Amino acid sequence: LCLFAILLIFLFAAKATANSVIIWGYQVPEICLFKRATGFDCPGCGLTRSVIFALHGQLHQSYLRHLLGIPMALLLLLQIPYRSMVLIRRTDPLNTSHFQQRWANLTIALLFLVPWIAHLAIQLSQKLQ
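Below you will find a few notes about this structure. Owing to the predicted nature of the structure, the values given are computational and were not obtained by experimental measurement.

The number of helices and strands found in the chain is six helices and three strands. Each helix (α) and strand (β) of the chain, taken in turn from the N terminus, gives the series α-β-β-β-α-α-α-α-α. Projecting the C-alpha coordinates of the chain onto the three principal axes gives extents of approximately 60 × 40 × 25 Å. Per-residue burial over the chain gives 26% buried out of 129 residues. In the chain, 51% of the contacts between residues at least 6 apart in sequence involve partners at least 24 apart. Counting only carbon and sulfur atoms, one obtains 68% of the accessible surface of the chain, whose full area is about 9300 Å².

Structure below.
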């Protein structure tokens, strides 16, 4: 619960531009090793900026940075009431099975990989022209 609260404080305090994240006046360095090594975006590139834009109400900018930024921002916001409920009730209200968790993980992986592969194919075709 505290971890998500601290994370949300940082995200609300941060400002995003098209290419960087700035928090309390300091630009956060780019840490994507995949992009540094290949020059191409990874499946998660732009997600932090997208979440920051979404939390600041700039939904169009959020969508342009990463397709999953808006859903991720909503999930982060919902973590505080969800984690509070878990602490109060001492049980997980979702109580998902191992099978459901595996399918959820596969779905999330596909949500990251399918748009990334399409974006990568577009980038490669533009570089080859």
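There is more to say, and it comes next.
An order of β1-β2-β3 is seen for the three strands of this open sheet, with the pairing classed as antiparallel. Unpaired on one side and paired on the other, β1 (14-16) and β3 (26-28) mark the two borders of the sheet. Going from strand to strand, the sheet's axes swing by 35 degrees on average, the running direction of each strand aside. Note: β1 against strand β2 (residues 21-23), three bridges, orientation antiparallel.

With that settled, the discussion passes to the side chain of S62. When you line up the elements, S62 lands in helix α4 (residues 59-65). Under the relative-accessibility criterion, S62 is labelled buried at 0%. Setting aside its immediate chain neighbours within four residues, S62 contacts S50, F53, A54, G69 and I70.

This part covers the packing of aromatic side chains. In the structure shown here, the tally under the stated rule is three aromatic pairs. With 5.2 Å between their ring centres and 65 degrees between their planes, F10 and W24 make a pair best called edge-to-face. Of the two residues, F10 is situated in helix α1 (residues 2-13) and W24 in the loop between β2 and β3; the sequence distance between them amounts to 14 residues. Here F99 and W103 contribute two aromatic rings whose centre-to-centre distance is 6.2 Å and whose plane-to-plane angle is 70 degrees, an arrangement assigned as edge-to-face. With F99 and W103 both in helix α6 (residues 98-128), this residue pair falls four residues apart, about one helical turn. The lysine or arginine in question, K127, covers the ring of F40, its NZ or CZ lying 4.6 Å from the ring centre.

By size, the foremost hydrophobic cluster in this structure holds 16 residues, and its most contacted members are L11, V51, I52 and L55. For this core, the secondary structure elements donating two or more residues are α1, β1, β2, α3 (47-55) and α5 (69-89). In terms of residues, this core owes the most to one element, α3, which gives six residues. When near neighbours in sequence (up to four residues on either side) are disregarded, I52 contacts L11, A14, K15, A16 and V21.

Spacing of three or four residues puts side chains on the same side of an α-helix, whose turn is 3.6 residues. Taking 1.5 Å per residue as the helical rise, α5 with its 21 residues ought to reach 30 Å, and the 30 Å between its terminal C-alpha atoms agrees with that figure. For α5, the principal kink sits at Q79 and spans about 35 degrees; a proline, P81, occurs within the next four residues. Within the sequence span of α5, burial applies to G69, A73, L76, Q79 and Y82. In this structure, the buried residues of α5 make contact with α1, α3 and α4. One or two steps after α5, the chain reaches R90, where phi turns positive at roughly 65 degrees.

Every disulfide links exactly two cysteines, by a covalent bond between their sulfur atoms. Taken as a whole and assessed by the stated rule, the structure comprises zero disulfides. Of all cysteine sulfurs, the one in C45 lies closest to C42, which takes part in no disulfide; the gap is 3.4 Å. Given a relative accessible area of 18%, C42 falls into the buried group.

Rules used in this analysis
Residues numbered from 1 in each chain as written. Predicted model: local features only at pLDDT ≥ 70, side-chain atom pairs only at ≥ 80, totals over all residues. Heavy atoms only, no water. Helix = DSSP H or I, 4+ residues; strand = E, 2+ residues; numbered from the N terminus. Buried < 20%, exposed > 50% of the residue type's maximum accessible area, 1.4 Å probe, protein only. Contact = heavy atoms within 4.5 Å. Areas by Shrake-Rupley, 256 points an atom, 1.4 Å probe, with all protein chains shown as cover. Pairing = 2+ DSSP bridges. Axes fitted to C-alpha atoms, helices over the stretch in contact; angles between N-to-C directions. Phe/Tyr/Trp six-rings, centres within 6.5 Å; stacked < 30°, edge-to-face > 60°. Lys NZ or Arg CZ within 6 Å of the ring centre and 35° of its normal. Core = buried A, V, L, I, M, F, W, Y, C linked by side-chain atoms within 4.5 Å. Expected span 1.5 Å × (residues − 1). Bend = angle between axes of the 7 residues up to and from the residue. Disulfide = S-S within 2.5 Å.

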